[in-house]
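# Coordinate analysis (summary)
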Amino acid sequence: MSLLKVSNLVTGLQGGAAVVDDISFEIAAGETFALLGESGCGKSMTALSLMRLLPDGVANQSGQVALNGVSLFGLPEREMRSVRGGKMAMIFQEPGLSLNPVMTVGEQIAEVLELHGEGQGATILSPSRPSPLQREGVSQRCIELLDQVGIPDAARRVYEYPFQLSGGMKQRVMIAMALAGQPQLLVADEPTTALDVTIQAQVLQLLRETQEKSGMGMLLITHDLGVVAEMAHQVGVMYAGQIVERGSRKDLFVQPLHPYTQKLFAALPHEGSRNRPLAAIPGSVPPLGSIGQGCRFAPRCDRVFAPCREEAPVWTTLADGQGVRCHIYAAGVAGRVKGEEGRVEGSLAGREKEEGRREKGEGKREKPRSGIVPSPFTLPSSLLQVSDLRVHFPIRKGILQRVAGQVKAVDGVSLSIEKGRTLALVGESGCGKTTLGKALLRLVPPTGGCVQFDGREMVGGRAQQRASMQMVFQDPYASLNPKMRVAEILEEGMSALS
Ligand code: SF4
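Residues numbered from 1 in each chain as written. Predicted model: local features only at pLDDT ≥ 70, side-chain atom pairs only at ≥ 80, totals over all residues. Heavy atoms only, no water.

### Thoughts on the overall build of the protein chain
As a reminder, the rule being used: Only DSSP runs of H or I reaching four residues or more are called helices, and only runs of E reaching two or more are called strands; each is numbered from the N terminus. Three labels apply to residues, based on accessible area from a 1.4 Å probe with only protein chains included: buried if under 20% of the type maximum, exposed if over 50%, partly exposed otherwise in between. Should any heavy atoms of two residues lie within 4.5 Å, those residues are considered in contact. For every accessible area listed, the method is Shrake-Rupley and the probe measures 1.4 Å; residues are considered covered only by the protein chains on display.
When its secondary structure is counted, the protein chain shows 17 helices and 16 strands. The burial tally for the protein chain puts 41% of its 498 residues in the buried class. Relative to all contacts within the protein chain whose residues are 6 or more apart in sequence, the contacts with residues 24 or more apart total 62%. Accessible surface for the protein chain amounts to roughly 26800 Å². Of this, 53% is attributable to carbon and sulfur atoms.

### Thoughts on the environment of aspartate 56
Turning to its location among the elements, aspartate 56 is positioned in the loop between helix H1 (43-51) and strand S4 (58-67). With a relative accessible area of 80%, aspartate 56 lands in the exposed category. A C-alpha to C-alpha distance of 9.0 Å links aspartate 56 and leucine 13, two positions 43 residues apart in sequence.

### Comments concerning the packing of aromatic side chains
Stated formally: Put simply, two rings from Phe, Tyr or Trp (the six-membered ring, in Trp's case) pair if the centres are within 6.5 Å, and we call them stacked under 30 degrees between planes, edge-to-face over 60, tilted for the rest.
Throughout the structure, instances matching the rule amount to six aromatic pairs. Ring centres of tyrosine 239 and phenylalanine 297 lie 5.1 Å apart, and the angle between their planes is 80°; this geometry places the pair in the edge-to-face category. Of this pair, tyrosine 239 sits in strand S9 (residues 234-239) while phenylalanine 297 sits in the loop between helix H11 (259-266) and helix H12 (306-310), placing them 58 residues apart in sequence. Both residues of the pair, tyrosine 239 and phenylalanine 297, count as buried.

### Some words on the pairing of strand S1 (residues 4-13)
Rule in force here: By this definition, two strands are paired if DSSP reports at least two bridges between them.
Sheet analysis places S1 next to S4, joined by eight bridges and oriented antiparallel. Pairing of valine 10 across the sheet is with serine 62, part of S4. Of the strand pairs in this sheet, S1 and strand S2 (residues 18-27) are connected by seven bridges, and their pairing is antiparallel. If you follow threonine 11 over to S2, its bridge partner there is valine 20. Counted along the chain from S1 to the antiparallel partner S2, the turn is four residues long, and its residue glycine 15 has a positive phi close to 70°.

### Quick word on the confidence of the model for the protein chain
Cut-off, in case you're wondering: What pLDDT conveys is the predictor's confidence in a given residue, as a value from 0 to 100.
Mean pLDDT over the protein chain: 82, with 85% of residues reaching 70 or higher. Scored below 50 in pLDDT, residues 121-128 shows ten contacts in the model against residues more than four places distant or in partner chains. The low-confidence segment residues 334-350, where pLDDT is below 50, has 29 contacts with residues more than four positions distant or belonging to other chains.

### Topic: the sheet that holds strand S15 (residues 448-453)
This is how the line gets drawn: Only the contacting stretch of a helix is used when fitting its axis, a line to C-alpha atoms as for every element, and angles between N-to-C directions run 0 to 180 degrees.
Spatial ordering of the open sheet is given by S14-S13-S15-S16, a layout of four strands whose pairing is antiparallel. At either margin of the open sheet sits one strand with a lone partner, and together these are strand S14 (402-418) and strand S16 (456-457). Sheet analysis places strand S13 (residues 382-397) next to S15, joined by five bridges and oriented antiparallel. Within S15, the residue paired with valine 386 across the bridge is valine 451. Contacting S13, S14 and S15, helix H15 (residues 433-440) runs over the sheet at an angle of about 115° to S13.

### Examining the packing of helix H4 (residues 105-116) against helix H7 (residues 167-180)
For any two helices packed against each other, one specifies the crossing angle of their axes together with the interaxial distance. The condition is simple: Note on terminology: angles under 35 degrees are roughly parallel, angles over 145 are roughly antiparallel, angles of 65 to 115 are roughly perpendicular, and the others are oblique. Helix crossings fall into two classes, left-handed where the near helix is turned counterclockwise from the far one by less than a right angle and right-handed where it is turned clockwise. Each residue gets one label: Ala, Val, Leu, Ile, Met, Phe, Trp, Tyr, Cys and Pro are nonpolar, Asp, Glu, Lys and Arg are charged, and the others, such as Gly, are polar.
Running from amino to carboxyl end, H4 crosses H7 at an angle of 20°, the nearest separation of the two axes being 8 Å. The pairing of H4 with H7 is recorded here as roughly parallel in orientation. Seen along the crossing, H4 lies across H7 with a hand that is right-handed. Between H4 and H7, the residues in contact are Val105, Gln108, Ile109, Val112 and Leu113 and Val173, Ala176, Met177 and Ala180, respectively. Classifying every residue of the contact of H4 with H7 gives eight nonpolar, one polar and no charged.

### A few points about the side chain of glutamine 171
Note the cut-off: Any pair of N or O atoms that falls within 3.5 Å is considered a polar contact. Within protein, one atom must be able to donate a hydrogen and the other to accept it, and sequence-neighbouring residues count only if both atoms are side-chain atoms.
Topologically, glutamine 171 is positioned in helix H7. Of the polar contacts made by the side chain of glutamine 171, one reaches the backbone oxygen of proline 191; its length is 3.4 Å.

### Thoughts on the site of the ligand
Let me state the cut-off plainly: One heavy atom within 4 Å of a molecule or strand is enough for the residue carrying it to be called near that molecule or strand.
In the vicinity of the ligand, the residues found are His258, Pro259, Cys295, Phe297, Ala298, Cys301, Arg303, Val304, Cys308, Cys326, His327 and Ile328. Residue classes in the shell around the ligand are distributed as nine nonpolar, two polar and one charged.

### So, the environment of alanine 178
Within the secondary structure, alanine 178 is located in helix H7. Overall, alanine 178 belongs to the buried group, its relative accessible area being 4%. Linking alanine 178 and valine 112, residues 66 residues apart in sequence, is a C-alpha distance of 8.1 Å. Excluding anything up to four places from it in sequence, alanine 178 contacts Ala89, Met90, Ile91, Pro183 and Leu186.

### Brief notes about the nonpolar core
The test is simple: We call a set of buried Ala, Val, Leu, Ile, Met, Phe, Trp, Tyr and Cys residues a nonpolar core when their side-chain atoms join them within 4.5 Å.
Judged by nonpolar contacts, the single largest core of 40 residues is most densely connected at Ile109, Leu146, Val173, Ile175, Leu186 and Leu207. Elements supplying a minimum of two residues to this core: strand S6 (88-91), H4, helix H5 (136-148), H7, strand S7 (185-189), helix H8 (197-214), strand S8 (217-222) and helix H9 (225-231). A per-element tally of this core places H7 first, with nine residues. In this structure, Leu48, Leu50, Val187 and Leu219 belong to the second largest nonpolar core, which totals 31 residues.

### Focus: the pattern of salt bridges
Convention followed: A pair is scored as a salt bridge if a Lys or Arg side-chain nitrogen falls within 4 Å of a carboxyl oxygen belonging to Asp or Glu.
Tallying each qualifying case throughout the model produces twelve salt bridges. Note that glutamate 230 and arginine 208 form a salt bridge whose closest N and O atoms lie 3.6 Å from each other. On the criterion of sequence distance, the pair formed by glutamate 230 in helix H9 and arginine 208 in helix H8 is long-range, its members being 22 residues apart. Given the relative accessible area of 23%, arginine 208 is considered partly exposed. Between aspartate 302 and lysine 263 there is a salt bridge, and its shortest N-O distance comes to 2.9 Å. Remark: lysine 263 occurs in helix H11 and aspartate 302 occurs in the loop between H11 and H12; sequence separation between them is 39 residues.

Below, the structure is given as C-alpha cells:
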C-alpha cells in the first residue's frame, strides 16, 4: 500500500478557476516524489491542499488524499492537527514568514518535540508551565537537531530569535522543526532554494540519511533539476495546474517526452553552451482564469499542431509506465512517437550526442548573438572598477560602548566589470558578498578603497550618482513596502531617479 495516494485532486478558488486540476500520484515509504515546474504552476498549492492549509477563498473541490489508507479530507480538524507535524510535516518556502518572531528557535523546535516527538504525551505548553526548552533532554535534542542541519554554534543559537539568523539559517531551523516530529511523510516546498551550495549539499544529504534510517516518504517541490537528479525516485512535471508528465527519474532524464519537460532540460547551462545565449522558454504560465480550450502549453510550444488549439490533451500512459499529457503521444497519433524520439532536444542522452558531434567538428555551431560575446579585436571598456574596497564594522563593548575590535566584512576586494559582461561573485552565506554589493552603491559606507563607475568616483561622491547603478535585493518580502501598491512602489522609484 502506498504511504500517500493522491487521486484526481482539484483545488480552486471558491466558485472559480481550478489552481490544481485533476492531479494524481502516489508515494511509497522511503521514496521521494519530486514535483517539478516553474513558479505559478500550482506546486505549492498542491502541497497546501494535502496539508489542508489552504488560504481563505481557496478550497479542495474534489478528489481524494489518503495517508496510510486514511482519507485526510474526511478527518475532523482536531485529528488533522495531530497529523500535521506528526505523521506529515512540511518545510515551507519562506522561513521568514513561517517562524514565530517572538519565540526563540529552540522554543519552536521544543514545541514540536512536546507535541509530536520524544516529549509526546506531556502537557501542552501553557503560560504557567516552564518552557519545555528548560528540560534537559529536550534542550539537548534541540541542539542536536540544529547541529544536524548544519547550524554552527548550535548550543548558543538555540536561544536566539529568528531575526538574529540569516535566511539560510532560518530555513535550516524549519528543517530541524519538520524532522523533530519524525514524520512518515515530509512535504518539502523548495527546501534548499535559499541556501548556498555547500549547505544545500549538507541539507540534501541529511534528508537522504533520515529517509534511509526511518523510511520517510518525501514530496519534494522544486524547480531545480539538479536537486531532482540527486533526490527523486519518481518525478511529476507540473504546468498550469496539471501534471503534464510523470515517470521515474531515470526515464525522465534519459527520455523526457513532453515538449515542456524537453524545454526545461534544454534551458540548463552545460559545457556546450559556453559563450552562447541560454535557451529560454518564451512567454509565461497562463494566469488563473485565462485558460481556454486546447492544450495549456500551446502558446509556448514549438511543436503545436491543429488539434492542440482545439482539444485539451488527455493523459496517456506509455508501455514503460511513463505518463504524459500531450497530443503527440495520444492514441491515433501514437505512431508518430517513434519518429519524435529521435529528436528529443532536451534529454541528457540527446545532449551528449550533440556535444559528441560538436567535438568531432560535425554540425554547425550556433553564431553568438551580436553583443553577447565581445570581439577579441576590440578592447573592453571597464564600466566598474573596484580597488582595495574595505567595509569594517566596529565591535563596541562596555557601558561607554568603546570600540573593542572590528568585523572585517569586506577586506581589500578589487574587481572590474567590462561593459556587457557579467561577473559572478560566489561564496557561502556570511562571506561578505551582499555587503560588497551594498558598499558599491554606498548603502553601507565603505571604510576605505576606491569604486569607479563609468569613470566617476563613487566613494565620497554624491548619492544621486548611484541612479545609474541598481540593486535587486535577495528577499522581496523585506524589500517591498507592504503598505504600498505595486504601482506606487514603481512610481516612487522612478520619481527618486528623475
Ligand atoms: S499537446 Fe500540442 S501544444 Fe500541447 S505540448 Fe503537446 S504538442 Fe505541444
